[in-house]
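Commentary on secondary and tertiary structure
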Amino acid sequence: VQLQASGGGMVQAGGSLRLSCAASGRPINSYDMGWFRQAPGKEREFLAAIRRTGGTTSYGNSVRGRFIISRDGAKNQVLLQMNSLKPEDTAVYYCAAGARLILSSLSDASQYAYWGQGTLVTVSS
């Protein structure tokens, strides 16, 4: 599966953005999907994931209550709605796909086999 992330840009603190991750080559419903981000000088951080079956979601502590992950099977894409953005949310955002991940591994970047190219989000104060 090939993944293409889009929707990044510049926004003021308190604003919102919606990121999209479009899949090609395979149905996105075949995969557990995750969003991660990486800021300069920092490690890649888990943000959110949605299970292949059942739609169970999981969120990282820094974004829980502000970000929402969803899946649109008809458009073969996964979305990340980001609200109440803060300057510390500035980073390159990546979507990723993994096969048959167990619940406890959804936050582990090494478990995802496929990655999009990243989209830059900049939040100004």
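Here goes a summary of the coordinates provided. (Residues numbered from 1 in each chain as written. Predicted model: local features only at pLDDT ≥ 70, side-chain atom pairs only at ≥ 80, totals over all residues. Heavy atoms only, no water.)

We now examine the packing of aromatic side chains. A full pass over the atoms with the stated rule returns 6 aromatic pairs. Between F36 and F46, the ring centres sit 5.6 Å apart and the planes meet at 65°, which makes this aromatic pair edge-to-face. Taken together, the residues span a long stretch of sequence, with F36 in strand β4 (residues 32–38) and F46 in strand β5 (residues 45–50) at a distance of 10 residues. Each of the two residues, F36 as well as F46, counts as buried. When the centroid spacing of 5.2 Å and the interplanar angle of 80° are considered together, the rings of F36 and Y112 count as edge-to-face. Of the two residues, F36 is situated in strand β4 and Y112 in the loop between β9 (91–98) and β10 (114–115); the sequence distance between them amounts to 76 residues. Neither F36 nor Y112 differs from the other in exposure class; each is buried. Among the aromatic side chains, those forming a connected cluster through ring pairs are F36, F46, Y94, Y112 and W115. The ring of W115 carries the charged tip of R44 above its face, separated from the ring centre by 4.7 Å. (Phe/Tyr/Trp six-rings, centres within 6.5 Å; stacked < 30°, edge-to-face > 60°. Helix = DSSP H or I, 4+ residues; strand = E, 2+ residues; numbered from the N terminus. Buried < 20%, exposed > 50% of the residue type's maximum accessible area, 1.4 Å probe, protein only. Lys NZ or Arg CZ within 6 Å of the ring centre and 35° of its normal.)

Next up on the list: the side chain of S105. One can find S105 in the loop between β9 and β10. For S105, the residues in contact, after removing those within four places along its chain, are Q111 and Y112. (Contact = heavy atoms within 4.5 Å.)

The next point concerns the pattern of salt bridges. Under the counting rule described, the total for this entry stands at 4 salt bridges. For E45, the salt bridge goes to R37, with nearest N and O atoms at 2.8 Å. Look at E45 and you get partly exposed, because its relative accessible area is 26%. You can call R37 buried: its relative accessible area is 6%. Here the salt bridges do not stand alone but share partners, grouping R37, E45, R66 and D89 into one network. (Salt bridge = Lys/Arg side-chain N within 4 Å of Asp/Glu carboxyl O.)

In this section: the side chain of R37. The residue R37 is located in strand β4 in this model. Of note is the side chain of R37, whose polar atom sits 2.9 Å from the side chain of Y93. (Polar contact = N/O pair within 3.5 Å; in protein donor to acceptor, adjacent residues only side chain to side chain.)

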